[in-house]
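# A structural walkthrough
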Amino acid sequence: MYNINDTLRYLHIGLPGDILRHKMNGNLEEAVRLIDLNLKRDNLPKALRCCMIAQREIMLRQPADYPYTYEEMLGVFRKSIPDFSEEEFKELEDAGRIGWMFLHGEKRYFERSFATLCKTEHSIAERAGLVAPGAETGTSQNMLIRSMNIMKEKGKISHRIRIRASLRVEDDAFTPGMFIRAHLPIAADCPQQSDIRIEKVEPETGMIAPADALQRTVCWEETMQENHPFAVEYSYIHTATYHDTYAMTPAEEQPDFCTEEEAPHIVFTPYIRELVNTLTEGVTDPLEKARRFYDFITLNMKYSFQPEYFVLESIAENCARNFTGDCGVFALLFITLCRCAGIPAQWQSGLCAEPDDCGCHDWAMFYIAPYGWLFADPSFGVSANRCHDEARRQFYFGNLDAYRMVANRAFQADFTVNKQHWRADPYDNQTGEMETTDRGLRYEEYEREFNTLECTEI
């Protein structure tokens, strides 16, 4: 069955030269017009047609992430730091720390550039009167360090975690009698999670996906006369087991599953292949190869908020070129490097669910025989490196902390009840999706809430 989100698998095909030139110069309306003309052709190959359909939607969405002119972006900085100079701004832009794109030949700046710098640069956070957090999702360093130390001492740590999540159409977007299909992610069966309980489903008509679904959700389909939330409460036991990767000796024979490309983002481009060869020169041990990939990311990359993943292209390769990314971008680069080197690797994502906070997060798994699946969280490794905490940086190669909820075990996987229109995030699902009969809703058109109700150490 045709699903429009599958057209994104052809992004790597590339656009015709004239359309690409308009896109690169920010003439997005003209690029979309030419795409529409091309889509009327009967002889357009399927791959190119799908690429154009996906690119068209990306170009319609991109400007929303880049609303500021230079003067407006500088004003955002100076609102919090009145003495912030143009020279400082230029230095940060030249270092790739302030995102921008061309729109109609003019630079337009990424709306979350200042937020990124406040999160990752302590000096800027201090000047803005803020405290720079020490971890990518707000989890306290002390809690992470305690979890890490218990795992090293006792071998594992377990928690009973209970979460409530909900979706609700924004009142401005709601019309009585409209059809809504809603999806909320829930805890899925995986090595870390057991005793999963779906405790409340509101309304009770929600359809619960199988526990082993690659992207597990509760799905509701309803013609709504009155606006109301869709909600779910669930609990599970999360067990984080410690792996001392320095004490491991990999088997001579290693498996080859989960080593394939998955376009458009997990692709073995010439640069990725060359990077793998450079980073693993003289190394035959697959565990050491994976460690070198992790070190390359965590010792060299800078954390940066990203535009919506819908508009990102060549995620892994662009991360390796730009040396910036967020948790999912870093995870995809690690997975791509591992797979290109013949090391099985796959995606995991969901939430960081701690007692006082709950936030979206992505990380990676990689397989080393005879030990099985191990974990890597390059984003938390980047954070630890920024805090000069080498023990914590090394911990996140092979291990995860005790505060996770896994809903997704594959990147760009379908829901059990498929979404018929564009997804807000076509690759991952951490906070939920909604659509009407005619179209998928964008994030700004519906409210998303998720909270940790319980996080009890067992």
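The following paragraphs examine the structure supplied in this document. (Residues numbered from 1 in each chain as written. Predicted model: local features only at pLDDT ≥ 70, side-chain atom pairs only at ≥ 80, totals over all residues. Heavy atoms only, no water.)

## Here's the deal with the overall build of the protein
Of regular secondary structure, the protein possesses 14 helices and 17 strands. For 458 residues, the compact-globule formula gives about 23 Å, and the C-alpha radius of gyration of the protein, at 22 Å, lands near that figure. Across its three principal axes, the protein shows a C-alpha extent of roughly 60 × 55 × 55 Å. The 458 residues of the protein split such that 55% are buried. Within the protein, contacts between residues separated by at least 24 positions form 71% of all contacts whose residues are at least 6 apart in sequence. Entry remark: accessible area of the protein is about 19,500 Å², with carbon and sulfur atoms responsible for 48%. One finds the centroid of the 48 positive side-chain charges in the protein at a distance of 1 Å from the centroid of its 72 negative side-chain charges. (Helix = DSSP H or I, 4+ residues; strand = E, 2+ residues; numbered from the N terminus. Rg over C-alpha atoms; globule rule 2.2 N^0.38 Å. Buried < 20%, exposed > 50% of the residue type's maximum accessible area, 1.4 Å probe, protein only. Contact = heavy atoms within 4.5 Å. Areas by Shrake-Rupley, 256 points an atom, 1.4 Å probe, with all protein chains shown as cover. Lys, Arg positive; Asp, Glu negative; His and termini not counted. Charge placed at Lys NZ, Arg CZ, Asp CG, Glu CD.)

## A closer look at the sheet that holds strand S12 (residues 357–368)
Sheet architecture is open: five strands sit in the order S14-S13-S12-S11-S15, paired in antiparallel fashion. Looking at strand neighbours, the two that pair on one side only are strand S14 (397–398) and strand S15 (404–408), the edges of this open sheet. Bridge analysis of strand S11 (residues 345–354) against S12 gives ten bridges, and the strand direction is antiparallel. Looking across to S12, one finds that Gln-348 is bridged to Trp-363. (Pairing = 2+ DSSP bridges.)

## Notes on empty space enclosed by the protein
A full pass over the atoms with the stated rule returns three cavities of 30 Å³ or more. Quantified by volume, the largest cavity comes out at close to 80 Å³. Asn-3, Asn-5, Asp-6, Arg-9, Gln-412, Ala-413, Asp-414, Phe-415, Asn-418, Lys-419, Arg-423 and Pro-426 are the residues that line the largest cavity. Along the lines of polarity and charge, the residues of the lining of the largest cavity split into three nonpolar, four polar and five charged. (1 Å grid on protein atoms, 1.4 Å probe; cavity = no way out; pocket = protein on both sides within 12 Å on 5 of 7 lines; lining within 4 Å. Points joined across faces, edges and corners; volume = space filled by probe spheres on them. Nonpolar A, V, L, I, M, F, W, Y, C, P; charged D, E, K, R; others polar.)

## Concerning helix H6 (residues 113–120)
Within H6, seven of the eight residues are buried, which leaves it mostly tucked inside the rest of the structure. The set of residues buried in H6 consists of Ser-113, Phe-114, Thr-116, Leu-117, Cys-118, Lys-119 and Thr-120. Contacts made by the buried residues of H6 are with helix H4 (70–80), helix H5 (86–94), helix H7 (122–127), strand S9 (302–303) and helix H13 (378–386).

## Regarding the nonpolar core
Side chains of nonpolar character tend, in soluble globular proteins, to be buried together. Of all hydrophobic cores here, the largest spans 109 residues; its most connected members are Ile-180, Val-232, Tyr-234, Leu-333, Phe-334, Phe-366 and Met-434. For this core, the leading source of residues is helix H12 (residues 327–340), giving ten residues. Not counting residues within four places of it along the chain, the set of residues in contact with Val-232 comprises Ile-163, Arg-164, Ala-165, Leu-184, Ile-186, Ile-198, Lys-200, Val-201, Val-218 and Trp-220. One finds Leu-74, Leu-117, Ile-124 and Ala-128 within the second-largest nonpolar core, a separate group that totals 14 residues. (Core = buried A, V, L, I, M, F, W, Y, C linked by side-chain atoms within 4.5 Å.)

## Observations regarding helix H11 (residues 315–322)
Turning to H11, its buried residues are Ile-315, Ala-316, Glu-317, Cys-319 and Ala-320. Close packing links the buried residues of H11 with helix H9 (270–279), strand S10 (324–325) and H12. Note on H11: the residue one or two positions beyond its end, Phe-323, has a positive phi of about 60°.

## A look at the sheet that holds strand S8 (residues 230–241)
Strand order across the open sheet formed by four strands is S5-S8-S3-S17, with antiparallel pairing between neighbours. Each edge of the open sheet is held by one strand with a lone partner, namely strand S5 (193–202) and strand S17 (446–457). Shown here is a sheet whose adjacent strand axes are inclined to one another by a mean of 15°, direction ignored. Both strand S3 (residues 156–169) and S17 contribute to a ladder of eleven bridges, which runs antiparallel. Following the sheet pairing, Arg-168 is matched in S17 by Glu-447. Across the sheet, helix H8 (residues 141–154) touches S3, S8 and S17, and the angle it forms with S3 is around 140°. (Axes fitted to C-alpha atoms, helices over the stretch in contact; angles between N-to-C directions.)

## Considerations on the layout of surface pockets
A volume near 1,200 Å³ is recorded for the largest pocket. Around the largest pocket sit 37 residues that line it, and Tyr-66, Trp-100, Leu-312, Asn-318 and Asn-322 are the ones nearest its centre. The element that contributes the greatest number of residues to the lining of the largest pocket is H11, accounting for four residues. Within the lining of the largest pocket, the residues separate by chemical class into 19 nonpolar, 14 polar and four charged. Of the pockets and cavities examined, the second largest pocket occupies roughly 900 Å³. Around the second largest pocket, the lining comprises 34 residues; the ones closest to its centre are Arg-112, Gln-306, Pro-307, Glu-308 and Tyr-443. Element by element, the count of residues in the lining of the second largest pocket is highest for S12, at three residues. Among the residues forming the lining of the second largest pocket, the class breakdown is twelve nonpolar, seven polar and 15 charged.

## Examining the packing of aromatic side chains
Summed over all chains, the structure comprises 25 aromatic pairs. Ring plane angle 25° and centroid distance 6.4 Å describe the contact between Tyr-234 and Tyr-236, whose orientation is recorded as stacked. Here Tyr-234 falls in the buried class, since its relative accessible area comes to 1%. On the basis of relative accessibility, which here comes to 0%, the residue Tyr-236 falls in the buried class. Positioned over the ring face of Tyr-303 is Lys-119, at 5.4 Å from the centre of the ring. (Phe/Tyr/Trp six-rings, centres within 6.5 Å; stacked < 30°, edge-to-face > 60°. Lys NZ or Arg CZ within 6 Å of the ring centre and 35° of its normal.)

## Digging into the pairing of S15
Counting buried residues in S15 gives five out of five residues, a clear majority hidden from the surface. Pairing of S11 with S15, which is carried by four bridges, proceeds in the antiparallel orientation. Bridging from a neighbouring strand, Leu-351 pairs with Met-405 of S15.

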